[in-house]
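Next come the chains, spelled out residue by residue.
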Amino acid sequence: MKKDAIGDPLNRVDGRLKVTGRATYSGEYKVPGLTYAVLVPATITSGTIIAVDTKAAQNAPGVLAVITPFNAIKVPGYQPDVAKPIKGLKLFNDNIVYFNGQPIALVVADTFERATYAASLVKATYQKQPFETNFHKNLDKGVTPQNGNYKDYVRGQVNAYKTAPVIVEQEYIQPSEMHNPMELHVTTAFWDGDDKVTLYTKSQGVVGSQKAIATAFNLDPKNVQINSRFVGGAFGSSLRTWPHEVAAVQAAKMVKRPVKLTLTREQMFTLVGYRPYTIQKIGLGATQDGKLIGITHESHSQSAIYEEFTENSVNVSRFLYNSQNANTLYKVVPLNVGVPAPMRGPGEATGSFALESALDELSYMLKLDPIELRLRNYADTDLERNLPWSSKYLKECYRQGAERIGWDKRSSTPGTNRDGEWLVGYGIGCGAFGAYRARTVAKIKLTPDGNINIQSAASDIGPGTATAMVLIAADTLGLPADKITFELGNSAFPPAPTQGGSATVSSVGSAVHDACIALKQKLNTLAGKAPDSNEQIDYAGILQQHSLPMLELTQESKSNDNAQKYSMYSFSSHFAQVYVHPLTGVVKVKKIVAVVDAGKIVNHKTASSQMIGGAVGGIGMAMTEEAIFDDRFGRYVNGNFADYHVPVNADIPQIEAIFIDKADPIINPVGTKGIGEISLIGVAAAIANAVYNATGKRVRELPITPDKLI
Ligand code: MOS
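Residue positions are given per chain, counted from 1 along the sequence in the order it is written. The predicted origin of the model limits local features to residues at a pLDDT of at least 70 and limits the giving and counting of side-chain atom pairs to 80 or more, whereas totals for whole chains, interfaces and linings rest on all residues.

(A) View of the domain arrangement of the protein chain. Here the limits of each domain have been adopted from an automatic or database domain assignment. By the assigned domains, the protein chain splits into domain 1 (15–22 + 437–557), domain 2 (31–130 + 182–233 + 238–269), domain 3 (132–179 + 273–379) and domain 4 (390–435 + 563–710). Between the C-alpha centres of domain 1 and domain 2 there is a distance of 37 Å. A residue pair is marked as a contact if its C-beta atoms, positioned from the backbone, fall within 7 Å. Across the boundary between the two partners, domain 1 contributes 15 residues, which contact 15 residues of domain 2. When residues are grouped by polarity, Ala, Val, Leu, Ile, Met, Phe, Trp, Tyr, Cys and Pro land in nonpolar, Asp, Glu, Lys and Arg in charged, and all others, Gly among them, in polar. Looking at the side of domain 1 that touches domain 2, its residues break down into six nonpolar, eight polar and one charged.

(B) Just helix H14 (residues 683–695), in detail. The helix and strand labels rest on DSSP assignments: H or I over at least four residues marks a helix, E over at least two residues marks a strand, and numbering proceeds from the N terminus. Each helix should span, by expectation, one fewer than its residue count multiplied by 1.5 Å. A rise of 1.5 Å per residue sets the reference length of H14, with its 13 residues, at 18 Å; its end C-alpha atoms lie 18 Å apart and thus fit the reference within 8%. Three exposure classes are used. Buried residues have 20 or more other C-beta atoms within 10 Å of their own C-beta, exposed residues have 12 or fewer, and partly exposed residues fall in between, all C-beta atoms being placed from the backbone. By the criterion of burial, H14 is predominantly enclosed, with 13 of the 13 residues buried. Glycine 696 sits one or two residues past H14 and shows a positive phi near 80°.

(C) Here's a closer look at unusual backbone geometry. The omega torsion of the bond from leucine 702 to proline 703 falls at -5°, within 30 degrees of zero and hence cis. Take proline 703: it is sitting in the segment after H14. Phi is positive for asparagine 218, which is not a glycine, with a value near 55°. In this structure asparagine 218 comes out as exposed when scored by C-beta crowding, with 10 C-beta atoms within 10 Å. Even without a glycine there, the phi angle at lysine 256 is positive, about 55°. Within the secondary structure, lysine 256 sits in the loop between helix H5 (243–255) and strand S12 (259–262).

(D) Fine view of the sheet that holds strand S20 (residues 484–487). When DSSP finds at least two bridges between two strands, those strands are taken to pair. In spatial order, the strands read S20-S19-S18-S21; together these four strands make up an open sheet with mixed pairing. Looking along the sheet, the strands with just one partner apiece sit at the ends: S20 and strand S21 (551–557). Averaged over neighbouring strand pairs, the angle between their axes works out to 20° when direction is ignored. As judged from the four bridges shared by strand S19 (residues 452–455) and S20, these two strands associate in the parallel manner. Looking at S20, one finds that isoleucine 454 is bridged to phenylalanine 486. Packing against the sheet, helix H10 (residues 465–477) makes contact with S19 and S20, and its axis sits at approximately 140° to S20. Lines are fitted to the C-alpha atoms to define the axes, a helix being fitted only along its stretch in contact, and any angle between axes, read from their N-to-C directions, falls within 0 to 180 degrees. Where helix H11 (residues 504–526) meets the sheet, its contacts fall on strand S18 (440–446), S19 and S21, and the angle it forms with S21 comes to roughly 140°.

See the structure below:
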């Protein structure tokens, strides 16, 4: 029988469950005695809740409870868990309103419809206070992040670019963008007595959720059971535990019944984060022959007054190019808005749009091909950390991408390449994203039928984690994939990191690999062979010979211990071909080629799908997505799918994913570096640069809507 090997295009092991509707998502569990909870949003943007009139709601049919700050049980250890709290949003635990749409009450009823109706009857009285939601107006209130270890960065001389013979100095703007995965955020919670609670919740990390809920309610983490087996997309919106999840647990405690809390699509625009509004200034200085003398990257990003959110928008400018001088500055602007969250690519996508656009501007000033400019400033080592790369094949990305997009057909003079009425343009945008690996534990079990089961508390928000793990196990054990099952999304399994930062295959894959090796060693020893013998094992046979009912072991794989010696990144270059109509300003993205150095690719089929999905997100960032605020009221005017535009099928062209597919020798035994974020980083710049090449119009404020081109 053919062995399934790393690299094979294995179909998703859970694909059949998903397409036949048998994959159960958090909102679909049939829990006996289930009740339904609906949040009531604040209608003011800043102030305090004086009183909540709940009489009508309480008397409405089927209502079990109306929870407000005035009757809620307190949550003793309430704290937000990703961004460190400034004040912290503690739903129903105090009466402060920080932003419009913040929940001020929760109605629990016997049906969803009755809860929704009763929620409409809740009336609050407020003491209003002045508020600030306008990002541009409040830029001078930007502060250096107080969180964590953030430091502004200088290498060499500050603003050295100003001394160069050729200078680009520009500002780039990216509006807030919403994750809005298809699956709404849902939490189903039920208590067993006073000290045990179970949740079905949309989560990118069941171990993190377990810790957050345990901390909030002062419970032993062992008594908090988190299930999140299937997640219908998240893009970063469920990296953390949100206040509404705590509220569901709180409500279940109060009504002493299981509670299911589902956010409405509108609430998805206010309660689960977004890519923050960001203004960036880039200064590039170069010699006449295109050698960078200095890079300056300054970024201002929107945050909330109750909690600080930070991301790496400026970091890429510190290491992607070979400039002896580089300096970055980053400030966050606290406003009366919901707190942002990482959104696919996260800050690196924002930063790459600015840096890679500016580099494109420089290439035209120098009359130099944009790829040639990048080659002249290629970083052979990481100048930020003064370390060698663990692996880097970005030149190969340039070469293959240029060939596949048809770069030789690009005109170096903007506005001169036509196909009929349409102007044709080509652009490149590059990116890098840290290749991380975190501690993971996996349990492997061999049963008498020769089947293998592996468990780890990993997550799968869509990329196909279990499929990749099955392939790694199949390859390592020399077994066909259909003999292997991988289970995830359950906090009772051995611990795994949150699915974020493109680190799952590297982290969990290492534990799976190491667990398979440990199992093989044990079986080899039982069979009287050298532990590291590579002869094919008769798995079931060895169990039988030794009259063993099964063999089980738990294996830990540590975080990367080489992180101090090597600089580890995935690298990418995205290429775009666009058609722009000169009269209407309509842009058609005709083709995207994504070339990625992400180390070894485990499953070419699911990895390609992931690259395509990320590029679609990038097309949204470049072309359509923009959450628009009305600063008079502090509310979004387009907080719904009719008015907030995501790309549809007709907007999506042929997207080709190409992998360099060379194993990284340092990061982990399989040699993978990660693709989740890099699939989006670089896309917006590639498109904006292609639009300039087509039209000679430089759009520095996303999204690139037709009005900006005519
Ligand atoms: Mo990713 S933005 O770490 O889900």
